[in-house]
Amino acid sequence: MNQTPSKKILFISRHAPYGTSLAKDALDAVLSSSAYDQQLSLLFMDDGVFQLLKNQASGEIAHKSFSSLLPVLPLYEINSIYVHYESLKKRQITINELVLDSVQIIDSSAICSLLAQQDQLLSF
Amino acid sequence: MIFSLAIYAAPYTSQASDSAYRFALALLENGHTLYRVFFYQDGVHTASSLNTPPQDEIHFTHNWQALAQQHNIDLIVCIAAALKRGLLNKQEASRYDKPAFNLAEGFEISGLGQLVDAAVISDRLITFGG
């Protein structure tokens, strides 16, 4: 890896946890990226907010549960985690139902400025 | 400007795969640099040497090979995504005791770190598919 100044990279996870591999592939990409000394953040929006629900019983479909996968994020020093407020509201999900307690809930206008601050966006 | 592309879409299934190739042609024609193409998810199928489309259809594998050779572009295939979809190079085939390998020439199997590296090195990283 070249010695270039670190960049702000935002991963956007917009899909439900199971049904397609997008959510898991997004998480794998975020975790792999944590080793590269960049300014990483992660945004859950649209159906992506379903990934954050507690007590997902995905063993029934032979998948690892996002309820147990997502809490590793802080161990990888991914601490800038955002959740889109309107996406939660539309799906009647409350903050108490989320598996991560250190997330920042932000509304659509705050998302605009979050996106504008980034050098790169990776959408899944 | 330095560009990189991330391709998640399988060839032939969605337009995104073709759009990525056309975007690559357009940026090169306009004097920009294409640093790397990173194939992730179903996009890894683009790199199979066994892809055999009818003669009157686009051959994505050949197109990328030719473009990469002409413009010195990195064609990287995500190793985790590739192995589980049966896309292996000679080394991985031997490591997992498989009877054959099928990674097309000009493509390279590597890790997700290459996607981050592309994000860091490039001015623009454009995603196709997903």
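This write-up is about the structure you can find in this document.

In terms of regular secondary structure, chain B is built from five helices and five strands. What you see in chain B, going N to C, is helices and strands ordered as β-α-β-α-β-α-α-β-α-β. Relative to the 2.2 N^0.38 estimate, which gives 14 Å for 130 residues, the radius of gyration of chain B is 14 Å and therefore close to what a compact globule would have. A principal-axis box enclosing the C-alpha atoms of chain B has dimensions of 45 × 35 × 25 Å. Counting all 130 residues of chain B, 51% fall into the buried class.

Time to look at the pattern of salt bridges. As a working rule, side chains carrying opposite charge can pair if their charged atoms are close by. Residues and elements named next belong to chain B. For the structure shown, the criterion picks out seven salt bridges over all chains. Across the salt bridge formed by Asp74 and Arg36, the nearest N and O atoms sit 2.9 Å from each other. Here Arg36 lies in strand β2 (residues 33-39) and Asp74 lies in strand β3 (residues 74-78), a separation of 38 residues in the sequence. Here Asp74 falls in the partly exposed class, since its relative accessible area comes to 27%. The partner of Arg95 in a salt bridge is Glu92, and the shortest N-O contact between them spans 2.9 Å.

Turning next to the side chain of Asp25(A). With respect to the secondary-structure elements, Asp25(A) resides in helix α1 (residues 22-33). One buried charged residue, Asp25(A), remains without a salt bridge, the closest side chain of opposite sign being Lys84(B) at 4.8 Å. In this structure the side chain of Asp25(A) is engaged in a polar contact, spanning 3.0 Å, whose partner is the side chain of Gln41(B). Those residues within four positions of Asp25(A) in sequence are excluded, and the remaining contacts are Phe124(A), Tyr40(B) and Gln41(B).

Glancing now at the packing of aromatic side chains. Per the stated rule, a full pass over the model turns up eleven aromatic pairs over all chains. With centroids separated by 6.1 Å and ring planes inclined at 90°, the aromatic side chains of Phe124(A) and Tyr40(B) adopt a geometry described as edge-to-face. Note that Phe124(A) is positioned in the segment after β5 (120-123) and Tyr40(B) in the loop between β2 and α2 (60-71), a pairing that runs across two chains. Judged by centre distance (6.0 Å) and plane angle (85°), the rings of Phe39(B) and Trp64(B) are edge-to-face. A residue pair is termed long-range when its members are at least 10 positions apart, and Phe39(B) in strand β2 and Trp64(B) in helix α2 qualify at 25 residues. The rings of Phe124(A), Tyr8(B), Phe38(B) and Tyr40(B) are connected pair by pair, giving a single aromatic cluster.

Analysis parameters
Residues numbered from 1 in each chain as written. Chains lettered and ligands numbered in written order. Predicted model: local features only at pLDDT ≥ 70, side-chain atom pairs only at ≥ 80, totals over all residues. Heavy atoms only, no water. Helix = DSSP H or I, 4+ residues; strand = E, 2+ residues; numbered from the N terminus. Rg over C-alpha atoms; globule rule 2.2 N^0.38 Å. Buried < 20%, exposed > 50% of the residue type's maximum accessible area, 1.4 Å probe, protein only. Salt bridge = Lys/Arg side-chain N within 4 Å of Asp/Glu carboxyl O. Lys, Arg positive; Asp, Glu negative; His and termini not counted. Polar contact = N/O pair within 3.5 Å; in protein donor to acceptor, adjacent residues only side chain to side chain. Contact = heavy atoms within 4.5 Å. Phe/Tyr/Trp six-rings, centres within 6.5 Å; stacked < 30°, edge-to-face > 60°.

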